[in-house]
Structure formats: structure tokens, C-alpha cells
Amino acid sequence: MARIIGGIATTHVPAIGKAIAENKQDDPYWRPFFKGFDFVHGWLARNRPDIAVVFYNDHGLNFFLDKLPTFAVGAAQTYRNEDEGWGIPVARSIAGDPAFSWHLINSLVADEFDITICQEMLVDHAVTVPMALMWPGQSWGGIRIVPVSINTVQHPLPSMARCLKLGRSIGNAIEAYQQDVRVLVVGTGGLSHQLDGTRAGFINKEFDQLCLNKIVNEPEHLTQYSTHDLVVKAGAQGVEFLNWMAMRGALPGHVVEMHRNYHIPISNTAAATVVLESRMEATQRAA
Ligand code: DHB
Ligand code: FE
């Protein structure tokens, strides 16, 4: 049977991709952020995932405002990146796992999630930057991915509660998969940031800390915030926290925080990285 080894959430700022391409990990500006990945690398080496389900938001590379699904699931053999205009090199393609994708898709639809199924899907910096942070050198750790795109761009956005439920449904599907694979769940983006408008540069440390604390074992607490509240409290792009909620929803049992790094600013963003692990013996997943 498949096993969920844990969850990782991290910021996906394109400037991080540029810093990697220019080998600036030890520069004073970048070091406090990149140092936070030493733990992640050790944890991944110990836990050896075969597959990662990556909750992220597309920023106009694969989907645009003309057609923007609320939830879209990849079912491709490989996922290509393309130049988004951020000045970072195009990343190597990342392998998919169509059989595993279709298992998740069948289970989601049976669970009444009306998703968009993508047999072709370009992945943007919201997938490639976290992958490069987790597995430096574009080896991608030899793993396969299932990208799950959540609309954080065109309002109305799905609610925090809906994203938590999406994650739960995927978590249940992963655990019902018959093959012996080790699965990592990833959520990308956030924390608070706003890239344009009169509040450009907005960061809310207090709200970020609340989100970091509550996501571990009280994610339901955060469902009190509407997506409008989230824009007010976390910034227009801070709504990317929806991806973190989906990641958390996929984790079964009692959750333990193994690692946290929070650093302001990286580009316009409050940058954060967490590693979470499930302790199955304590409690079972909520229905
Ligand atoms: C930045 C943050 C993002 O989430 C993104 O998608 C692009 C840019 C930034 O802080 O520069
Ligand atoms: Fe983003």
C-alpha cells in the first residue's frame, strides 16, 4: 500500500530560482532562507519519497484568465516548464506518474470534486522553484509528481475549508493506492505578500505566525477566514496559503512539526518553509 511520508510547504518566489541559477545561496541576503533547507535535504534523504503530490497555483503559464479551473489535476507522462519572463533558466522536465494520477482523479470525482483533468500541463515557477529547493541540481530526486493546481488568481477562489477537504480527499486516495510507494505532499506559495496595487509590499507577520501555528494541528481554525479575509490579512497573493491548506488536509492522523523557517523578506514575500509528519497511532484522519 502507498504511504504518506509527510508534507512540505514552501514559498515559490521566482527570484529564488534566479539566486539558484547564479549560485547566490551563501550571499547575506539569501543565506537565512537557503539555510532553512539543510534540514529539508536531510529529511528527504531519510524519507525517500517516490512520488510528490504538489499543490500549487499556476500564474498564467498553463492557465490564463480566459479559462481558469478551480482545481486541476495533472495526468501527464512529463511536465514541461517554459520561460515565464522572470529571467530564470527554463527548468528540466519533471516526470509524471499517469497511473497514480488517474487513481487520484477517479477517487476525487467519486468524492464529488469536479476537477479539470490535464493530460498535458506546463508547470510554472510555483512547481519548479520548490522542486529545485528540495532537490538541488535539477535531479528532482528521481521522483515523479502529480501537480494539483488551485485557482488563487481569478476570484471567486475556493474557500480555505474547500481546499482542506480537497487535501483530505487526496490523502484518502493516496492511502488507498495498492502499490508500495512513498508519497510526499507539497504545498507551495505564500506566506503574506502583495505584488501590486497600493498595498504592494504588504507583509503581515502576525497573521503568518498564526497560520504557521494553526496549520499543524488546528487547520479548521483557519477556515473561519473567507478568501476575502485572506486577501485583507495576507495580501492579494498571500491567498496562495490555500495550497498549504490542501497539503495539510492530505496528512493523516496527528501531525508533528519537524521544521520551520520564517524569513522576511524574500523579494516581496514573507518566506516560509515547514516540514510536517503524521503520527498515525495517535488519532485517525477526520472524516
Ligand atoms: C513573488 C512572489 C510570488 O508568489 C510569485 O508567484 C511571483 C513573485 C515575489 O515576491 O516577487
Ligand atoms: Fe506566486
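As shown above, the structure is provided for reference.
Calculation notes
Residues numbered from 1 in each chain as written. Chains lettered and ligands numbered in written order. Predicted model: local features only at pLDDT ≥ 70, side-chain atom pairs only at ≥ 80, totals over all residues. Heavy atoms only, no water. Buried < 20%, exposed > 50% of the residue type's maximum accessible area, 1.4 Å probe, protein only. Helix = DSSP H or I, 4+ residues; strand = E, 2+ residues; numbered from the N terminus. Pairing = 2+ DSSP bridges. Salt bridge = Lys/Arg side-chain N within 4 Å of Asp/Glu carboxyl O. Disulfide = S-S within 2.5 Å.

1. A few points about the pairing of strand 1 (residues 3-10)
With 7 of its 8 residues buried, strand 1 lies for the most part within the structure. Two elements, strand 1 and strand 8 (residues 182-188), share 7 bridges in a ladder whose sense is parallel. Bridge assignment links arginine 3 to a residue of strand 8, and that residue is arginine 182. As paired elements, strand 1 and strand 10 (residues 269-279) share 4 bridges and run antiparallel to each other. Among the inter-strand pairings, isoleucine 8 is bridged to a residue of strand 10, identified as valine 275.

2. Observations regarding the pattern of salt bridges
Counting across every chain of the model gives 11 salt bridges. For lysine 24, the salt bridge is made with glutamate 22, and the minimal N-O distance between the two is 2.9 Å. A residue is classified by how much of its surface remains accessible, and lysine 24, at 31% relative accessible area, is partly exposed. A salt bridge links aspartate 97 to arginine 144; the shortest N-O distance between them is 2.8 Å. Linking aspartate 97 in the loop between strand 5 (94-95) and helix 4 (98-110) with arginine 144 in strand 7 (residues 144-150), this pair joins segments that are 47 residues apart in sequence. Among the charged side chains, a network of salt bridges with common partners joins Lys18, Glu22 and Lys24.

3. Notes on the state of the cysteines
Simply put, the disulfide is a covalent bond whose two ends are the sulfur atoms of two cysteines. For the structure shown, the criterion picks out 0 disulfides. Free cysteine cysteine 118: the closest other cysteine sulfur is in cysteine 163, separated by 16 Å. Classification of cysteine 118 by relative accessible area gives buried; the value is 7%. Between cysteine 163, a free cysteine, and cysteine 211, which holds the nearest cysteine sulfur, the sulfur-to-sulfur gap is 13 Å. Judged by its relative accessible area of 0%, cysteine 163 falls in the buried class.

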